[in-house]
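# Residue-level structure breakdown
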Amino acid sequence: MQRQKQIIFQQSFNHVDDYRDFNLKIESVIKYHKIASGKKIIICSTELIQNNIIHNNSSPSEIEISTIHNSTIIEFSQIVDEEQFLKISSLIDTINNIDLFTIKDKIKNNILNASKNSSCGNGLMICRLKSGNIIRVQLINKVYSDDETYFNFKIQLKINNNDKDN
Amino acid sequence: MIKTIEKGAKTPQIIADTDIAVVKINGVIIPENPIPLFEEIMNLTTLVTDKSKVIQVEFDLEYFNTGAARYIYDYLKNLKLITSPTIKWFYEKDDEDILESGEEFMAMTGIDFHFIEKQA
């Protein structure tokens with residue numbers, strides 16, 4: 001049984017071009033390591049990365065995927081302003097306190113009722129659903145500029161490799 | 001006539017065959033902005049529906065993002081308005097994610113789906 005955390009994929013996104021084909025890189029790592037829950041890992045990683053692309057202007061970020069025991073851990077770090085940090089933290093807190101059946105219904109309702117020019121807001125809910133676990137948020141540090149405080153934080157998902165799909 | 005749009009890193013291959021009234025969508029769908037892609041899919045679909053009242057659309061997807069899910073639903077809803085569609089939804093053995101997604105689209109749209117397990 002694997003006792004130590006093994007990092008199987010790590011990528012920093014420092015420029016918008018770095019985001020171009022991230023999914024292909026993650027796919028090849030998943031295939032190489034033959035991880036049973038590979039599809040969930042790709043889906044969750046995609047949602048986290050693309051939330052940053054869409055809502056945070058493709059700001060610099062980093063993803064790390066590691067395995068430990070029978071789980072895969074996805075950690076996604078990004079830097080946002082205070083308003084966004086509070087919004088994301090609050091949203092994750094809400095999602096963590098909803099059961100998975102209700103999450104599924106909410107995702108479906110968001111698709112049915114999405115307006116033309118808005119995003120569905122389903123990305124983090126899909127992460128909660130596919131992982132089957134709560135989403136962890138860890139503040140790494142704050143970065144101060146003249147007129148703004150930025151929050152460097154990490155979202156962590158744990159995916160159990162042996163669970164049936166959610 | 002067959003019109004094809006090749007797949008990209010984040011977009012599927014799309015094939016529209018007007019002779020047999022079939023549209024095929026294969027691969028992944030994870031563009032950050034799905035609107036241009038689904039406009040292309042609808043344009044190709046219209047090539048088929050302009051010639052036939054009955055159409056078959058085949059989905060053979062590996063995975064798709066939440067943005068695409070909303071546009072897949074919209075596409076199916078619009079398809080139902082303009083034609084009599086039959087959907088073939090392919091999935092790999094043990095890929096409950098894709099199978100379940102298809103079942104949910106079927107339930108949301110009321111369109112007849114045929115679920116086909118791909119042979120290894």
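Look up a bit, the structure's there.
In this report, we go over the structure that sits alongside the text. (Residues numbered from 1 in each chain as written. Chains lettered and ligands numbered in written order. Predicted model: local features only at pLDDT ≥ 70, side-chain atom pairs only at ≥ 80, totals over all residues. Heavy atoms only, no water.)

## What to know about the overall build of chain A
In terms of regular secondary structure, chain A is built from five helices and five strands. Overall, chain A shows an N-to-C arrangement of helices and strands of β-α-α-β-β-α-α-α-β-β. Across its three principal directions, the C-alpha atoms of chain A cover 50 × 35 × 30 Å. Classification of the 166 residues of chain A by burial places 44% in the buried group. In chain A, of all internal contacts separated by at least 6 residues, the share reaching a separation of at least 24 is 66%. Charged side chains in chain A number 20 positive and 19 negative. The centres of these two groups are separated by 11 Å. (Helix = DSSP H or I, 4+ residues; strand = E, 2+ residues; numbered from the N terminus. Buried < 20%, exposed > 50% of the residue type's maximum accessible area, 1.4 Å probe, protein only. Contact = heavy atoms within 4.5 Å. Lys, Arg positive; Asp, Glu negative; His and termini not counted. Charge placed at Lys NZ, Arg CZ, Asp CG, Glu CD.)

## Some points on the sheet that holds strand S3 (residues 22-29) of chain B
Residues and elements named next belong to chain B. Spatially, S1-S2-S3-S4-S5-S6 is the arrangement adopted by the six strands of the open sheet, whose pairing is mixed. Every interior strand has two partners, whereas the edge strands, strand S1 (2-5) and strand S6 (113-118), have only one. Strand-to-strand twist of the sheet, defined as the mean angle between neighbouring strand axes without regard to direction, takes the value 15°. Summarising the sheet, strand S5 (residues 84-92) and S6 pair through six bridges and their orientation is parallel. Along S6, the bridge assignment pairs Glu92 with Lys118. (Pairing = 2+ DSSP bridges. Axes fitted to C-alpha atoms, helices over the stretch in contact; angles between N-to-C directions.)

## Concerning helix H1 (residues 22-33) of chain A
Spanning 12 residues, H1(A) covers 17 Å between terminal C-alpha atoms, matching the ideal 16 Å at 1.5 Å per step. All of the buried residues in H1(A) are Phe22(A), Asn23(A), Ile26(A), Glu27(A), Val29(A) and Ile30(A). Projection of H1(A) onto a plane perpendicular to its axis shows the buried side chains occupying an angular sector of 165°, all on one side. Facing away from the buried side of H1(A) by more than 90 degrees, the exposed set consists of Lys31(A) and Tyr32(A). Those residues of H1(A) hidden inside the fold are in contact with strand S1 (6-13), helix H2 (38-55) and strand S2 (61-68) of chain A together with S3 and strand S4 (54-64) of chain B. Directly beyond the C-terminal end of H1(A), a positive phi value near 50° is found at Lys34(A). (Expected span 1.5 Å × (residues − 1). Arc of directions from axis to C-beta.)

## Brief notes about the packing of aromatic side chains
Residue and element names in this part refer to chain B. Applying the stated criterion across every chain, the model contains 10 aromatic pairs over all chains. On the numbers, 6.4 Å between centres and 75° between planes, the contact of Phe59 with Tyr75 is edge-to-face. With a gap of 16 residues between them, Phe59 in strand S4 and Tyr75 in helix H2 (residues 66-82) connect regions that are remote in the sequence. Exposure class is identical for Phe59 and Tyr75. Each is buried. A centroid spacing of 5.8 Å and a plane angle of 55° characterise the contact between Trp89 and Phe105, whose relative ring orientation is tilted. Taken together, the residues span a long stretch of sequence, with Trp89 in strand S5 and Phe105 in helix H3 (residues 96-109) at a distance of 16 residues. (Phe/Tyr/Trp six-rings, centres within 6.5 Å; stacked < 30°, edge-to-face > 60°.)

## Remarks on the pairing of S2(A)
All names here are of chain A. Of all eight residues in S2, six are buried, a share of seventy percent or more. Across eight bridges, the pairing between S2 and strand S3 (residues 71-81) is antiparallel. Looking at S3, one finds that Ser66 is bridged to Ile73. Linking S2 back to S3 in an antiparallel pair, the connection comprises two residues, with His69 at a positive phi of about 50°.

## Digging into the pattern of salt bridges
Residues and elements named next belong to chain A. If you walk through the whole model with that rule in mind, you get 15 salt bridges over all chains. Its salt-bridge partner being Glu75, residue Lys154 comes within 3.7 Å of it at the nearest N-O pair. A residue pair is termed long-range when its members are at least 10 positions apart, and Lys154 in strand S5 (residues 149-160) and Glu75 in strand S3 qualify at 79 residues. Each member of the pair, Lys154 together with Glu75, is buried. Among the ionic contacts, a cluster of salt bridges with common partners joins Lys5, Glu64, Glu75 and Lys154. (Salt bridge = Lys/Arg side-chain N within 4 Å of Asp/Glu carboxyl O.)

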